[in-house]
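Listed below, chain by chain, are the residues.
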Amino acid sequence: MKRMALCMLALVLLLSGCSGRQEPESSSLIVGFAQLGSESGWRVGNTEDIRRAAEEAGVQLILKNADQKQENQIKALRSFISLQVDVIAFSPIVEDGWDNVLTEAKQAGIPVLLTDRKINVEDENLFAGFVGSDFLEEGRDAGRFLLQKMAGKQDVRIVEIAGTIGSTPAGERADGFREIIAEQPGWQVVHSVSGDFLRSKGKECMSNILDEVQDIDVMFSHNDAMTLGAIEAIEQAGLNPGKDIVIITVDGEQGAIDLLMQGKINCVVECTPLIGDLIMQLSKKLAAGEAIPRITHSSERVFSEYDENLEHLPARGY
Ligand code: GZL
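What counts, and where the lines are drawn
Residues numbered from 1 in each chain as written. Predicted model: local features only at pLDDT ≥ 70, side-chain atom pairs only at ≥ 80, totals over all residues. Heavy atoms only, no water. Helix = DSSP H or I, 4+ residues; strand = E, 2+ residues; numbered from the N terminus. Rg over C-alpha atoms; globule rule 2.2 N^0.38 Å. Buried < 20%, exposed > 50% of the residue type's maximum accessible area, 1.4 Å probe, protein only. Contact = heavy atoms within 4.5 Å. Lys, Arg positive; Asp, Glu negative; His and termini not counted. Charge placed at Lys NZ, Arg CZ, Asp CG, Glu CD. Pairing = 2+ DSSP bridges. Near = heavy atom within 4 Å. Polar contact = N/O pair within 3.5 Å; in protein donor to acceptor, adjacent residues only side chain to side chain. Areas by Shrake-Rupley, 256 points an atom, 1.4 Å probe, with all protein chains shown as cover. Nonpolar A, V, L, I, M, F, W, Y, C, P; charged D, E, K, R; others polar. Axes fitted to C-alpha atoms, helices over the stretch in contact; angles between N-to-C directions. Parallel < 35°, antiparallel > 145°, perpendicular 65-115°, else oblique. Left-handed = near helix turned anticlockwise from the far one by under 90°. Phe/Tyr/Trp six-rings, centres within 6.5 Å; stacked < 30°, edge-to-face > 60°. Lys NZ or Arg CZ within 6 Å of the ring centre and 35° of its normal.

**Student:** How should I be thinking about the overall build of the protein chain in this particular structure?
**Tutor:** Helices and strands together make up the secondary structure of the protein chain, namely 10 helices and 12 strands. A compact globule built from 318 residues would reach a C-alpha radius of gyration of about 20 Å, and the protein chain, at 21 Å, matches this within 12%. Looking at the protein chain residue by residue over its 318 residues, the buried ones come to 52%. Considering only intrachain contacts with a sequence separation of at least 6, the fraction spanning at least 24 residues in the protein chain is 74%. If you average the places of the 30 positive and of the 49 negative side-chain charges in the protein chain, the two averages end up 4 Å apart.

**Student:** It is not clear to me how the pairing of strand 5 (residues 129–132) should be interpreted in this structure. Could you clarify?
**Tutor:** Both faces of the sheet carry side chains from a regular strand, because those side chains alternate between them. Residues of strand 5 alternate between two faces, with G129 and V131 on one and F130 and G132 on the opposite face, all of them buried. Note that strand 4 (residues 112–115) and strand 5 share three bridges and pair parallel. Opposite T115, over in strand 5, you have V131 as the bridge partner. The sheet contact formed by strand 5 and strand 11 (residues 295–297) spans three bridges and is parallel. Counted as the bridge partner of F130 is I295 from strand 11.

**Student:** So what exactly am I meant to see when it comes to the environment of N208 here?
**Tutor:** Relative to the helices and strands, N208 is located in helix 7 (residues 199–212). A residue is classified by how much of its surface remains accessible, and N208, at 36% relative accessible area, is partly exposed. For the pair N208 and I50, spaced 158 residues apart in sequence, the C-alpha separation works out to 37 Å.

**Student:** I would appreciate a short explanation of the site of the ligand in the present structure.
**Tutor:** In the region of the ligand, 13 residues are neighbours, and E39, D116, R117, N223 and D251 sit closest. Between the ligand and the protein, one listed contact pairs an oxygen atom with a side-chain N or O atom of S40 at 3.1 Å. Between the ligand and the protein, one listed contact pairs an oxygen atom with a side-chain N or O atom of R173 at 2.9 Å. Protein chains shield 100% of the accessible area of the ligand, which is 320 Å² for the free molecule. Its residues assigned to classes, the shell around the ligand comprises five nonpolar, two polar and six charged.

**Student:** Teacher, can you tell me more about the packing of helix 7 against helix 8 (residues 224–236) here?
**Tutor:** Packed helix pairs are characterised by how far apart their axes lie and by the angle those axes make with each other. For the pair helix 7 and helix 8, interaxial distance at closest approach is 6 Å and the crossing angle is 40 degrees. With respect to helix 8, the element helix 7 is oriented oblique. Crossing of helix 7 against helix 8: the hand is right-handed. On the side of helix 7, the interface is formed by R199, G202, K203, M206, S207 and L210, while helix 8 contributes A225, M226, L228, G229, A230, E232, A233, I234 and Q236. Per-class residue counts for the contact of helix 7 with helix 8 are eight nonpolar, four polar and three charged.

**Student:** I'm lost on the packing of aromatic side chains in this one. Help?
**Tutor:** The geometry of an aromatic ring pair is captured by two quantities: the separation of the ring centres and the angle between the planes. This structure, assessed with the given rule, holds three aromatic pairs. When the centroid spacing of 4.4 Å and the interplanar angle of 25 degrees are considered together, the rings of F177 and F220 count as stacked. Within this pair, whereas F177 is found in helix 6 (residues 168–181), its partner F220 is found in strand 8 (residues 218–221), the two being separated by 43 residues in sequence. The residues F177 and F220 share a single accessibility class, namely buried. The aromatic ring of F130 is capped on one face by K118, whose charged end is 5.2 Å from the ring centroid.

Remember, this is a structural readout, not a statement about activity or role.
In C-alpha cells, the structure reads:
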C-alpha cells in the first residue's frame, strides 16, 4: 500500500516539477536526488543533466534542491527514506556530518550513491560508491599549467580563491595544486580565501585581495563562477586579467572558455557536470542489487592558451 502511495506521490511530484515534459515511461525505479544548490553555472548544468538522464533512462526522479544548506540536504535524504525510494543519490555540500542520516538509510535498506563530492564517515559501508571528478588531479593540472607558463621564473606570488570550506573539490584542488608547485624556488601561495563557489564572493574576495596584497603574479580560482567575479574586480582595478595576472580556473563553463579565447584567462581545467548518465547507470545497478565500483571518475581535460583552434570547440552545454 505504501509503495502505491509512493508511486502516486512520485508521479505528482514529477508532474508538478516538469513543465510539460513528456512523462518518462512508467518505471519501477525511483531515485531520490538531494542536490546541494544552484550556486554556479556548473551546478545548474549538473541538475539539468541529471533530469535529462533520468528522463531518458525511464527513471522516476525526485530531485530536491538544498539551496547550499546541509540541513536541507539532510531533510531531503530523510524524506527519501520515508518515501522508501529505491536509491538515494546526493552531492554532499561538505564532507562531514552525514553519519546519522546515512545510518538511517542503511537501516531502511536503501543504497546510497555519492555524486560529485565525497564524505568522511566512520563506516565506509554507509554508501555504495562515488561518481564524479578527480579533484586532486584537477589541482595538479592547474599546477602543471603554471609550471609551463612560469618555467624558469623564481619568486612567483600566487593568490587562491577557494571553494566551499570543507568540501571535497576545495580541499583536493588546493592539495593537488600545492603538490605540483612545491619544489619551485620562491613560488608561494601568499593569500588564500574561500569564495564559496559564488560569483559575487569571487568578486568581493579579489577586490579585497587587490587592496591588501602586492605584486600578484597568479590567481588560482577553484571554479569559473568565482573567476568571472574576480575578473570584474581585476578590470575595475585597471589591470589586465590573463596578462598582468595569470588566471587559472576550474570547471570549463562556456563563459570561461570564451574568456580563454579572449586572452583574459590562461588555463581552464575541465570539471564536467555532465554525469547524469553515469548516475542513472549506477543507480540501476544498485536497485538490481549489483555491486558498483567504489570510485567512478568522469574523464576530463585541460584547456589553455597553448591550445589551437579553441574556436572550433563544441558548445560546452553549461
Ligand atoms: C565540482 C563541484 C563544484 C564546481 C563548482 O565537482 O562540486 O561545485 O567546481 C560547484 O562550480 O559549485
